[in-house]
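Residue-level listing of the chains:
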Amino acid sequence: MDLRLAGLALGMLALGGCGEPPAPRAAAGYVPDTVAFQVPSDSTMPPGLLGESIRRGRALLEHTADSLPEHVGNTLACTSCHPAAGTLAGGMPWVGVYGQFPQYRSRVARVQVIEDRIDDCFIRSMNGKPLPRGGKDVRDMVAYFAFLSRDIPVGARVEGQGIPKVDVSNADTSAGKALYAVECARCHGADGGGYVGPALWGDSSFNIGAGMARLRTAAGFIRANMPMDRRGSMTDQQSADLAAYLVSRPRPDLPGKEYDWPNGDPPPDVAYPTLAAQQKR
Ligand code: HEC
Ligand code: HEC
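Everything numeric here is computed off the predicted structure, so don't read it as measured data.

1. Here we look at the coordination of the iron atom of ligand 2
Six octahedral donors around a metal ideally make angles of 90 or 180 degrees; four tetrahedral donors ideally make 109.5 degrees.
Here comes step 1: For the iron atom of ligand 2, every protein donor is listed as His188 (NE2) and Met226 (SD), and the spread of their distances is 2.0 to 2.3 Å.
Here comes step 2: In this structure, the iron atom of ligand 2 is coordinated by 6 donor atoms arranged in octahedral fashion, with angles at the metal of 87 to 179°. Taken together, the positions of His188 in helix H8 (residues 185-188) and Met226 in the loop between helix H9 (215-225) and helix H10 (236-248) put the pair 38 residues apart, joining distant regions of the chain.
Here comes step 3: Since its relative accessible area comes to 10%, His188 is described here as buried.

2. Comments concerning the site of ligand 1
Here comes step 1: Around ligand 1, the structure places 20 residues, and the nearest of them are Cys78, Cys81, His82, Arg117 and Cys121.
Here comes step 2: Take His82: an N or O atom from its side chain is 2.9 Å from a nitrogen atom of ligand 1.
Here comes step 3: A total of 5 residues in the shell around ligand 1 trace back to one element, the largest contributor, which is helix H5 (residues 114-125).
Here comes step 4: Here the shell around ligand 1 is built from residues that sort into 14 nonpolar, 5 polar and 1 charged.
Here comes step 5: Here the shell around ligand 1 spans two domains, since at least three of its residues come from each of domain 1 (42-148) and domain 2 (173-248).

3. Regarding the environment of Gly211
Here comes step 1: Assignment of secondary structure puts Gly211 in the loop between H8 and H9.
Here comes step 2: For Gly211, a relative accessible area of 23% gives the class partly exposed.
Here comes step 3: Placed 59 residues apart in sequence, Gly211 and Val270 show a C-alpha to C-alpha distance of 8.6 Å.

4. Focus on the nonpolar core
Here comes step 1: By size, the foremost hydrophobic cluster in this structure holds 51 residues, and its most contacted members are Phe122, Met141, Tyr144 and Tyr180.
Here comes step 2: Elements represented by at least two residues in this core include exactly helix H2 (48-62), H5, helix H6 (136-148), helix H7 (173-183), H9 and H10.
Here comes step 3: Of all the elements, H6 adds the most residues to this core, at 8 residues.
Here comes step 4: Inspection of this core shows a minimum of three residues originating in each of domain 1 (42-148) and domain 2 (173-248).

5. Things to note about the coordination of the iron atom of ligand 1
Here comes step 1: For the iron atom of ligand 1, every protein donor is listed as His82 (NE2) and Cys121 (SG), and the spread of their distances is 2.1 to 2.4 Å.
Here comes step 2: Taken together, the 6 donor atoms coordinating the iron atom of ligand 1 span angles of 87 to 180° at the metal, a pattern that classifies the geometry as octahedral. Here the residue His82 occupies a position in the loop between helix H3 (64-67) and helix H4 (83-86), and Cys121 occupies one in helix H5, the gap between them amounting to 39 residues.

Definitions and limits used
- Residues numbered from 1 in each chain as written.
- Chains lettered and ligands numbered in written order.
- Predicted model: local features only at pLDDT ≥ 70, side-chain atom pairs only at ≥ 80, totals over all residues.
- Heavy atoms only, no water.
- Donors = N, O, S within 2.8 Å, 3.2 Å for Na, K, Ca; no water.
- Tetrahedral: all angles 85-135°; square planar, octahedral: opposite > 155°, others 65-115°.
- Helix = DSSP H or I, 4+ residues; strand = E, 2+ residues; numbered from the N terminus.
- Buried < 20%, exposed > 50% of the residue type's maximum accessible area, 1.4 Å probe, protein only.
- Near = heavy atom within 4 Å.
- Polar contact = N/O pair within 3.5 Å; in protein donor to acceptor, adjacent residues only side chain to side chain.
- Nonpolar A, V, L, I, M, F, W, Y, C, P; charged D, E, K, R; others polar.
- Domains from an automatic or database assignment.
- Core = buried A, V, L, I, M, F, W, Y, C linked by side-chain atoms within 4.5 Å.

Here's what the structure looks like:
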């Protein structure tokens, strides 16, 4: 290459090619920027056995209690909390999640692969038992997760991932109870045991070790997703009040929960004492 041309090319690189200084890659820790939420259409599913695996994985996630009764101790489906098969922004979507594992998680103080994360939701959110590692069921679920993340760069955050943050500092349980009767009981039952919608508390619901049993998680989920037929209609305060009522209700226990967050760094809204945090004090 001609020297002057090489110099010009270098100059353009330094300018990012369009007059902007290049983005500071090192500061971002080599993680690609946040990308737009996008769900691949079913018509782009691969043919053959891979496509069959993806579809079967989605069906298991949508009918978990019925399809895998040995592994589910309540009446929920995975999609009870990851609505629309994990394709709703603000609804803890599975879009992009595949490329975010392996991931360090403080609850277990270990690096987890995505199968470990699935196990956690079986044990806690489904109040059940993990699937045999390497079996067809978990492979099909992972195949669906990978399909949903097809167009997302590895490691990228996706807009609408997780749930919104809600201020829970003034959450009022009795206001939540009153609001529950008006806004939620018609689908979840006056006793929280489920009706059109899944069980929110009691023996048929998630256990105390589930993320949804935490005040902030429940508030953020409700803020973005409930009532299901009027998503986003609750204010931050109403969502916090409803969450406070929800987490005050009885639900199955999780033996061994005191060993969570072994480095003594539980989030402030965990509903039970952990040993490592007590020893740290
Ligand atoms: C009772 C509610 C609930 C149910 C049911 C549930 N999950 Fe989850 N799931 C959660 C919560 C809460 C999180 C954490 C979300 C966050 O950190 O933003 C989560 C996170 C995940 C993640 C990681 C997502 C991310 O953004 O990092 C995966 C994968 C997952 N769940 C799979 C499953 C599978 C598979 C099932 C069924 C076996 C299931 N979940 C059932 C509540 C639930
Ligand atoms: C129109 C019916 C409907 C109404 C009203 C409704 N929900 Fe739901 N809810 C659902 C359905 C259905 C799901 C499961 C998601 C799915 O299947 O797509 C769900 C899921 C949930 C979940 C996660 C799953 C679980 O079992 O914990 C919570 C928490 C929740 N709703 C809370 C509420 C609260 C609080 C209200 C009142 C503000 C409310 N819902 C109002 C239908 C409803």
